[in-house]
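Summary of the model geometry
Given next are the chains, with one letter for each unit.
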Amino acid sequence: MTVAAQQDRADKVWARRDLAPMDAYEFRQWSELLEARTGISLPEKRKSFLLSNLSIRMRELGYQRYRDYFHYVTDGRRGMVEWEILVDRLTVHETRFYRDPTALQMLREIWLDRLPASERPHQLRIWSVGCATGEEPYSLAMLVDDALLTRGVRAYPAITATDISAAALATGREGIYPANRLVNLPEGFRGRYFRDLGTNRYQVKDALRERVCFARLNLLHLERTPLTPMDVIYCQNVLIYFRKPQRQRILDRLVAHLRPGGLLVLGAGEITDWSHPETAIVDYPGTLVFRRSAPRSES
Ligand SMILES: C[S@@+](CC[C@H](N)C(=O)[O-])C[C@H]1O[C@@H](n2cnc3c(N)ncnc32)[C@H](O)[C@@H]1O
């Protein structure tokens, strides 16, 4: 047997070795760390999610005990580097192009189709919060481009796409997706907005990719975020992982990033217990949208 084959066999044997079980104290340690650093709350029923994702990484590094790996992750600068890798494994990146067609249609009807003709091009600013691997911000970019083309309105659309996972953002920036991820796109969009790379892979065309700026941002640090006021903040399937007080704090901060008249688009049914004095709910069936009112004049 060659040295490489011996190594491969040893790796497989190692990978099959069972890790020590995670006790209640260790579970609490890990779930508190995750919540403190990301806001994501991990109930006991999601313990298997934590276990399987932690154990893959621990096997890669050769750790057998959860508490040893915990010390490694929480140990100074070395731990911070490891955390950057781990956070990607402990966050759910499930997403799709045109995941919520009703919300996109709503944006078209109540915003894009009502943009007045104007001498100067409109500046349109959209923020996809928790954008995962890019399907959501690119869907928004396609929606806007199509609406502007159809109406002949001139505008400079800029889409900011943020997430806590550096790996997900890197996939978004590259904009390459297998053919089966493109099936929900409206007719004609695949040909218009994607380049066929062969071998069943498609890349978002440069003109659209250039409109989307991907950036790392932890939702827990929104107060440090210097963004220009947005026309639309689109935040779906992210806050469902947070506890109510954290969710409400984040929503309040998101409102502060909206321009007067701007729209905050959440997932339908995601939030039932939040309101804000400067927002009113938009009545559009099958969606959850808030519009920011003009600031009250101080008198
Ligand atoms: C399920 S995906 C949702 C993707 C997309 N918004 C959609 O609806 O298809 C949730 C995303 O939220 C991100 N996320 C979780 N906690 C975060 C935090 N504290 N700050 C920023 N992004 C976070 C995850 O990395 C993940 O990519």
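Every chain's residues receive numbers from 1 upward, in the order its sequence appears when written. Where totals are concerned, whole chains, interfaces and linings use all residues; where local detail is concerned, this predicted model gives features only for residues with pLDDT of at least 70, and gives and counts side-chain atom pairs only at 80 or more. Calculation of side-chain values draws on the structure's entire complement of heavy atoms; hydrogens and water are dropped beforehand.

A closer look at the domain arrangement of the chain
- Note that domain bounds follow an automatic or database assignment of domains. Segmentation of the chain into domains returns domain 1 (3–89) and domain 2 (101–292).
- Computed from C-alpha atoms alone, the centre-to-centre distance between domain 1 and domain 2 is 33 Å.
- In what follows, a contact means two residues having at least one pair of non-hydrogen atoms within 4.5 Å. Listed as interface residues are eleven residues of domain 1 and, on the opposing side, ten residues of domain 2.
- What gets called buried area is simply the loss in accessible area from a 1.4 Å probe that two parts show on being joined, summed for both. For the pair domain 1 and domain 2, the summed buried area comes to about 860 Å², and 48% of that belongs to carbon and sulfur atoms.
- Area buried by domain 1 at its contact with domain 2 is led by Thr-38, Gly-39 and Asp-88, which between them contribute 36% of it.
- In the sections that follow, a salt bridge refers to a side-chain nitrogen of Lys or Arg positioned within 4 Å of a carboxyl oxygen of Asp or Glu. Where domain 1 packs against domain 2, one counts two salt bridges.
- Glu-84 is the salt-bridge partner of Arg-216, the closest N and O atoms lying 2.6 Å from each other.
- We call two N or O atoms a polar contact when they sit within 3.5 Å, provided that within protein one can donate a hydrogen and the other can accept it, with sequence-adjacent residues counted only if both atoms are side-chain atoms. For the pair domain 1 and domain 2, the interface holds five residue pairs in polar contact (both at pLDDT 80 or more).
- Helix and strand labels come from DSSP, where a helix needs a run of H or I of at least four residues and a strand needs a run of E of at least two; each type is numbered from the N terminus. The set of elements that each furnish at least two residues to the side of domain 1 that touches domain 2 consists of helix H2 (24–38) and helix H5 (76–89).

Notes on the site of the ligand
- As a structural note, the neighbourhood of the ligand is formed by 20 residues, with Thr-38, Thr-95, Arg-99, Asp-163 and Asn-237 the closest of them.
- Contact distances for the ligand include 2.7 Å between an oxygen atom and a side-chain N or O atom of Arg-99.
- Here a nitrogen atom of the ligand sits 3.0 Å away from a polar atom, N or O, in the side chain of Asn-218.
- Methods summary: accessible areas were calculated by the Shrake-Rupley approach with a probe of 1.4 Å, and residue burial reflects only the protein chains presented. Considering the ligand on its own, with 610 Å² of exposed area, one finds that the protein chains cover 99% of that surface.
- Three residue categories are used. Nonpolar comprises Ala, Val, Leu, Ile, Met, Phe, Trp, Tyr, Cys and Pro, charged comprises Asp, Glu, Lys and Arg, and polar comprises the others, including Gly. For the shell around the ligand, a count of residues per class yields eight nonpolar, eight polar and four charged. Residues are classed as near a molecule or strand on a simple rule: at least one heavy atom within 4 Å of it.

Re the sheet that holds strand E5 (residues 201–204)
- Two strands qualify as a pair provided DSSP detects at least 2 bridges between them. Read from one edge to the other, the open sheet built from three strands follows the order E3-E5-E4, with strand pairing classed as antiparallel. Among the strands making up the open sheet, the edge pair consists of strand E3 (176–178) and strand E4 (194–198). Going across the sheet, the axis of each strand differs from the next one's by a mean of 30°, ignoring polarity.
- With three bridges joining them, E3 and E5 adopt antiparallel strand pairing. Within the sheet, the bridge partner assigned to Pro-178 lies in E5 and is Arg-201. Between N-to-C directions, angles span 0 to 180 degrees; the directions come from axes that are lines fitted to C-alpha atoms, helices contributing only their stretch in contact.

Thoughts on the packing of aromatic side chains
- Any two rings among Phe, Tyr and Trp, with Trp reduced to its six-membered ring, count as a pair given centres within 6.5 Å; such a pair is stacked if its planes are under 30 degrees apart, edge-to-face if over 60, and tilted if neither. Going through the model one piece at a time under the given rule, you end up with twelve aromatic pairs.
- Judged by centre distance (5.5 Å) and plane angle (45°), the rings of Tyr-63 and Tyr-69 are tilted.
- Plain terms: the ring middles of Tyr-138 and Tyr-177 are 6.4 Å apart, the flat faces sit at 80° to each other, and that makes the pair edge-to-face. Placement of the pair is Tyr-138 in helix H7 (residues 135–151) and Tyr-177 in strand E3, with a sequence separation of 39 residues.
- Assessed through its relative accessible area of 3%, Tyr-177 is described here as buried.
- We call a charge positioned above a ring when the Lys NZ or Arg CZ atom is no farther than 6 Å from the ring centre and deviates by at most 35 degrees from the ring normal. Sitting over the face of the ring of Trp-83, Arg-37 holds its NZ or CZ atom 4.9 Å from the ring centroid. Throughout, exposure labels follow a simple rule: accessible area from a 1.4 Å probe, protein chains only, divided by the maximum for the residue type, with under 20% read as buried, over 50% as exposed, and the rest as partly exposed.

Side note on the pattern of salt bridges
- Scanning the entire structure with this criterion turns up 22 salt bridges.
- In this structure, Arg-57 engages Glu-60 in a salt bridge whose closest nitrogen and oxygen atoms are separated by 2.7 Å. Taken together, the residues span about one helical turn, with Arg-57 and Glu-60 both in helix H3 (residues 47–61) at a distance of three residues.
- Of the residues examined, Glu-60 reaches a relative accessible area of 45% and is grouped as partly exposed.
- For Asp-231, the salt bridge goes to Arg-259, with nearest N and O atoms at 2.4 Å. One end of the pair, Asp-231, is in strand E7 (residues 230–235); the other, Arg-259, is in strand E8 (residues 258–266), and 28 residues separate them in sequence.
- Residue class for Asp-231 comes out buried when judged on its relative accessible area of 7%.

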